[in-house]
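# Analysis of the macromolecular model
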Amino acid sequence: MHNPFSIYWNKNWTFQIVQMEGGIFLEAKGLGVFIRKPFLATEDPLTAADKLVYSEDKNRKSLFNSWKSKK
């Protein structure tokens, strides 16, 4: 696996594993968003990247639906 990497079902995102601030992090860039989370040694990079994007998508949908319901 090369760094940065991508997942075929998330073509708009690129992922990178970086070492900074005394830890290892998984960074995701795509659709105008930059997300970073700690990366554990027991995690699979592809699964961790998928979970990261899925949680961000779920959060954005929740925020959108709460904004939409206030109208």
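Let me begin by describing the structure that accompanies this report.

Cut-offs and rules
- Numbering of residues begins from 1 in every chain and follows the order in which that chain's sequence is written.
- The predicted nature of this model means local features are confined to residues of pLDDT at least 70 and side-chain atom pairs, given and counted, to a pLDDT of 80 or more, with totals for whole chains, interfaces and linings taken over all residues.
- Think of the side-chain values as coming from all heavy atoms in the structure, minus any hydrogens and water.
- Paired strands, as defined in this entry, are two strands with at least two bridges between them according to DSSP.
- Secondary structure elements are defined from DSSP: runs of H or I of at least 4 residues count as helices, runs of E of at least 2 residues count as strands, and each element is numbered from the N terminus.
- As used here, the term nonpolar core means buried Ala, Val, Leu, Ile, Met, Phe, Trp, Tyr and Cys residues forming a set that is joined through side-chain atoms within 4.5 Å.
- Note on classification: 1.4 Å probe, protein chains only; a residue is buried when its accessible area is under 20% of the maximum for its type, exposed when over 50%, partly exposed between these limits.
- A contact between two residues is defined here by any heavy atoms of the two lying within 4.5 Å.

### With respect to the pairing of strand β4 (residues 33–38)
- Strand direction decides the pairing type here: strand β3 (residues 23–30) and β4, joined by 6 bridges, are antiparallel. The partner of Ala28 across the bridge, within β4, is Ile35.
- Count of turn residues in the β3/β4 antiparallel hairpin: 2 residues, of which Leu31 carries a positive phi of about 55°.

### Here's the deal with the nonpolar core
- In terms of nonpolar packing, the biggest core is built from 11 residues, these being Trp13, Phe15, Leu26, Ala28, Val33, Ile35, Phe39, Ala48, Ala49, Leu52 and Val53.
- The set of elements that each furnish at least two residues to this core consists of β2 (10–20), β3, β4 and α1 (45–69).
- Among the elements that take part in this core, α1 stands out by supplying 4 residues, more than any other.
- Those residues within four positions of Ala48 in sequence are excluded, and the remaining contacts are Leu26, Lys37, Phe39 and Glu43.

### Considering the environment of Ala41
- Looking at where Ala41 falls in the secondary structure, it is placed in the loop between β4 and α1.
- Assessed through its relative accessible area of 85%, Ala41 is described here as exposed.
- Along the backbone, Ala41 and Ile24 are 17 residues apart, and their C-alpha atoms lie at a distance of 8.7 Å.

The values are spatial; any link to function lies outside them.
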